[in-house]
Amino acid sequence: MKPFLPQDNSALLSERIAPRVREIAPSGIRAFFDLSAGNNDIISLGVGEPDFTTPEHIRAACIRALERGETMYTPNAGLPELREEIARYQQESFGLAYHSQDEVMVTVGSSEALDLALRAFTAPGDEVIIPSPSYIAYSPIAYLNGGTLVEVEAAAEQGFKLTAEALQKAITPRSKLLMVNFPNNPTGAVMSYEDWMPIAEIVKAHNLIVLSDEIYAELTYDSRHVSIASLPGMKERTIVISGFSKAFAMTGWRVGYACGNRELLAAMLKIHQYTAMCAPVLGQIAAVESLRHGLPDKDYMKECFRQRRSLFVEGLRSIGLHCHEPQGAFYAFPSIRHTGMKSEDCALRLLREAGVAVVPGHVFGTGGEGHLRCSYAASPAKLTEALERLEGFMKVKM
């Protein structure tokens with residue numbers, strides 16, 4: 001018998017990785033974040049995270065809960081008091097009425113809610129329609145769950161809004177889901193009631209389910225946020241997904257939620273029970289405190305973002321970069337088409353030669369090429385310095 005000889009089985013084992021996982025690319029946002037991490041000379045406008053610390057009273061509420069020993073599982077759907085607060089908040093803020101017992105569930109960030117919805121509603125071959133540009137995670141999550149992706153361009157010339165004409169052209173007998181994100185990441189575009197009306201009619205006519213990612217709803221600057229779920233006949237077929245990361249400066253707490261039709265939510269809850277089981281209890285306690293006593297903090301941070309938006313967008317325009325006026329979220333999406341450069345090449349040069357980290361637009365879908373995503377969730381001083389570096393880069397390199 002031959003002696004056992006250790007060998008490198010990496011190649012053999014890699015073949016065991018599911019094909020869909022092998023085929024998807026790593027996050028383009030994270031790639032640029034990793035390139036700039038640890039370098040204090042680089043100004044990062046890449047990661048979509050508020051630069052504010054979670055307010056002190058929210059942290060204090062969690063400290064008190066720890067001292068009381070509140071470290072156990074919660075119900076799968078989330079703390080009853082949190083679901084009640086979410087239902088109240090949705091009604092008072094956006095005019096959406098949900099029963100907290102069976103039309104609201106708490107998830108591990110809004111990302112888990114998106115994943116649960118796509119797992120629950122997507123069968124192999126089902127088409128998932130996604131406006132482009134849109135958040136980088138939508139396409140991979142849909143693909144991993146068996147969906148066939150259909151991109152619909154939300155063109156810059158139309159304010160990056162989804163139009164009925166573009167949606168209608170994308171509809172086929174296999175269309176099942178429409179994923180929307182307004183206020184939009186990366187463009188800051190919003191949709192009005194009038195914008196949604198023809199979209200809703202198409203959705204109902206073709207019996208689509210809508211996944212509406214409204215994580216930036218609170219960060220709508222010049223109008224009131226309008227959810228597609230608020231239109232006639234749309235609440236029953238829309239899953240509204242949101243959370244506490246962006247408007248409440250709670251990215252690390254990992255608390256999101258989904259609201260919608262009780263039968264659709266029950267399907268999502270089945271999967272949640274077998275995977276995450278429940279969102280972190282301390283994160284849920286923090287979320288309760290934020291909804292009960294943290295709305296002034298939210299409004300203060302929103303006003304700061306509004307001021308930074310003006311500073312940064314005006315600065316981009318002054319150095320010759322055309323930029324759509326973002327109506328929500330905390331991103332500017334300037335065009336670099338006039339330079340003739342691809343977005344990835346431009347972003348890499350900005351990082352290496354000017355010390356400014358941004359995200360190339362192409363990672364947000366085909367509709368994002370020719371643009372850069374710049375987060376203005378940074379201090380005014382950093383934004384001003386970034387603009388100065390961008391201006392110098394434009395003068396020398398373009």
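Residues numbered from 1 in each chain as written. Predicted model: local features only at pLDDT ≥ 70, side-chain atom pairs only at ≥ 80, totals over all residues. Heavy atoms only, no water.

The name given to the protein in an unreviewed UniProt entry is Aminotransferase, with the source organism recorded as Paenibacillus sonchi. Under the UniProt heading Cofactor (unreviewed entry), the entry covering the protein gives this text: "pyridoxal 5'-phosphate". Taken directly from UniProt, the Sequence similarities (unreviewed entry) text for the protein runs: "Belongs to the class-I pyridoxal-phosphate-dependent aminotransferase family." (UniProt positions renumbered as here; feature names shortened; annotations may be inferred.)

Below, the discussion takes up the overall build of the protein. A count of helical and extended segments in the protein gives 14 helices and 12 strands. Its C-alpha atoms give the protein a radius of gyration of 22 Å, near enough to 21 Å, the size a compact globule of 398 residues would have. By principal-axis analysis of the C-alpha atoms, the protein measures approximately 75 × 60 × 55 Å. Of all 398 residues assigned to the protein, the portion counted as buried reaches 55%. Restricting to contacts in the protein with at least 6 residues of sequence separation, those with at least 24 account for 76%. Total accessible area on the protein is roughly 17800 Å²; 53% of this is exposed by carbon and sulfur atoms. Placing the 39 positive and 46 negative side-chain charges of the protein at their respective mean positions leaves the two points 3 Å apart. (Helix = DSSP H or I, 4+ residues; strand = E, 2+ residues; numbered from the N terminus. Rg over C-alpha atoms; globule rule 2.2 N^0.38 Å. Buried < 20%, exposed > 50% of the residue type's maximum accessible area, 1.4 Å probe, protein only. Contact = heavy atoms within 4.5 Å. Areas by Shrake-Rupley, 256 points an atom, 1.4 Å probe, with all protein chains shown as cover. Lys, Arg positive; Asp, Glu negative; His and termini not counted. Charge placed at Lys NZ, Arg CZ, Asp CG, Glu CD.)

Feature annotation in UniProt assigns "domain: Aminotransferase class I/classII large" (unreviewed entry) to the following positions: residues 41-390. Split by type, residues 41-390 is 40% helix and 14% strand. Its first and last C-alpha atoms lie 14 Å apart.

Okay, helix H13 (residues 343-354) next. Compared with an ideal rise of 1.5 Å per residue, which puts 12 residues at 16 Å, H13 spans 15 Å between its outermost C-alpha atoms and is within 8% of the ideal. Taken residue by residue, H13 has Ser343, Cys346, Ala347, Leu348, Leu350, Leu351 and Ala354 as its buried positions. Glycine 355 sits one or two residues past H13 and shows a positive phi near 70°. (Expected span 1.5 Å × (residues − 1).)

Turning to the pattern of salt bridges, a few remarks are in order. Overall, the coordinates contain 22 salt bridges when judged by the stated rule. For glutamate 127, the salt bridge is made with arginine 174, and the minimal N-O distance between the two is 3.2 Å. One end of the pair, glutamate 127, is in strand S3 (residues 127-132); the other, arginine 174, is in the loop between helix H8 (164-170) and strand S5 (175-181), with 47 residues separating them in the sequence. Its relative accessible area of 6% is what places glutamate 127 among the buried residues. The residue aspartate 299 makes a salt bridge to lysine 298 at a minimum N-O spacing of 2.8 Å. (Salt bridge = Lys/Arg side-chain N within 4 Å of Asp/Glu carboxyl O.)

Here the focus is the state of the cysteines. All told, the structure shown has zero disulfides when counted by the stated rule. Of all cysteine sulfurs, the one in cysteine 374 lies closest to cysteine 323, which takes part in no disulfide; the gap is 7.6 Å. (Disulfide = S-S within 2.5 Å.)

With that out of the way, let us pick up unusual backbone geometry. Cis geometry is found at the peptide bond from serine 132 to proline 133, where omega equals 10°. Along the polypeptide, proline 133 turns up in the loop between S3 and helix H7 (138-144). A positive phi is found at phenylalanine 160, a non-glycine position, where the angle reads about 60°. Within the secondary structure layout, phenylalanine 160 lies in the loop between strand S4 (148-153) and H8. Residue phenylalanine 160 is classed as buried on the basis of its relative accessible area, which comes to 3%. Even without a glycine there, the phi angle at methionine 277 is positive, about 75°. Judged by relative accessible area, methionine 277 falls into the partly exposed class, the value being 32%.

A few words now on the nonpolar core. Among the nonpolar cores identified, the biggest contains 70 residues, and Leu45, Leu82, Ile86, Phe244, Phe305, Phe312 and Phe330 are the most heavily contacted of them. Ranked by size, the runner-up nonpolar core spans 31 residues in total, among them Leu167, Val180, Met191 and Val226. (Core = buried A, V, L, I, M, F, W, Y, C linked by side-chain atoms within 4.5 Å.)

Quick look at a nonpolar patch on the surface now. The grouping of Ile17, Val21 and Leu144 at the surface amounts to a nonpolar patch, some 230 Å² of accessible area in total. Here leucine 144 shows up in helix H7. (Patch = residues over 30% accessible without salt bridge, like charges linked within 9 Å, V, L, I, M, F, W, Y side chains within 5 Å.)

Mapped onto the elements, aspartate 126 comes out in the loop between helix H6 (109-121) and S3. Looking at aspartate 126, the relative accessible area reads 15%, which means it is buried. For aspartate 126, the side chain forms a polar contact with the main-chain nitrogen of alanine 123, separated by 2.7 Å. A distance of 3.1 Å separates the side chain of aspartate 126 from the side chain of lysine 176, its partner in a polar contact. Once residues within four sequence positions are removed from consideration, aspartate 126 is found in contact with Phe121, Gly147, Thr148, Arg174 and Lys176. (Polar contact = N/O pair within 3.5 Å; in protein donor to acceptor, adjacent residues only side chain to side chain.)

This part is about the packing of H6 against helix H10 (residues 262-274). With their axes 9 Å apart at the nearest point, H6 and H10 run at an angle of 105° to one another. Classed by the angle they form, the pair H6 and H10 counts as roughly perpendicular. The segment H6 lies against H10, with Glu112, Ala113, Leu116, Ala117, Arg119, Ala120 and Phe121 engaging Leu264, Ala267, Met268, Ile271 and His272. Classifying every residue of the contact of H6 with H10 by side-chain character gives nine nonpolar, one polar and two charged. (Axes fitted to C-alpha atoms, helices over the stretch in contact; angles between N-to-C directions. Parallel < 35°, antiparallel > 145°, perpendicular 65-115°, else oblique. Nonpolar A, V, L, I, M, F, W, Y, C, P; charged D, E, K, R; others polar.)

Now for the side chain of lysine 246. Note on placement: lysine 246 falls in the loop between strand S7 (238-243) and strand S8 (256-259). No salt bridge forms around the buried lysine 246; measuring N to O, its nearest opposite-charge neighbour glutamate 49 is 7.6 Å away. A polar atom in the side chain of lysine 246 sits 2.5 Å from the backbone oxygen of glycine 48. Not counting residues within four places of it along the chain, the set of residues in contact with lysine 246 comprises Gly48, Pro50, Ile215, Tyr216, Phe330 and Tyr331.

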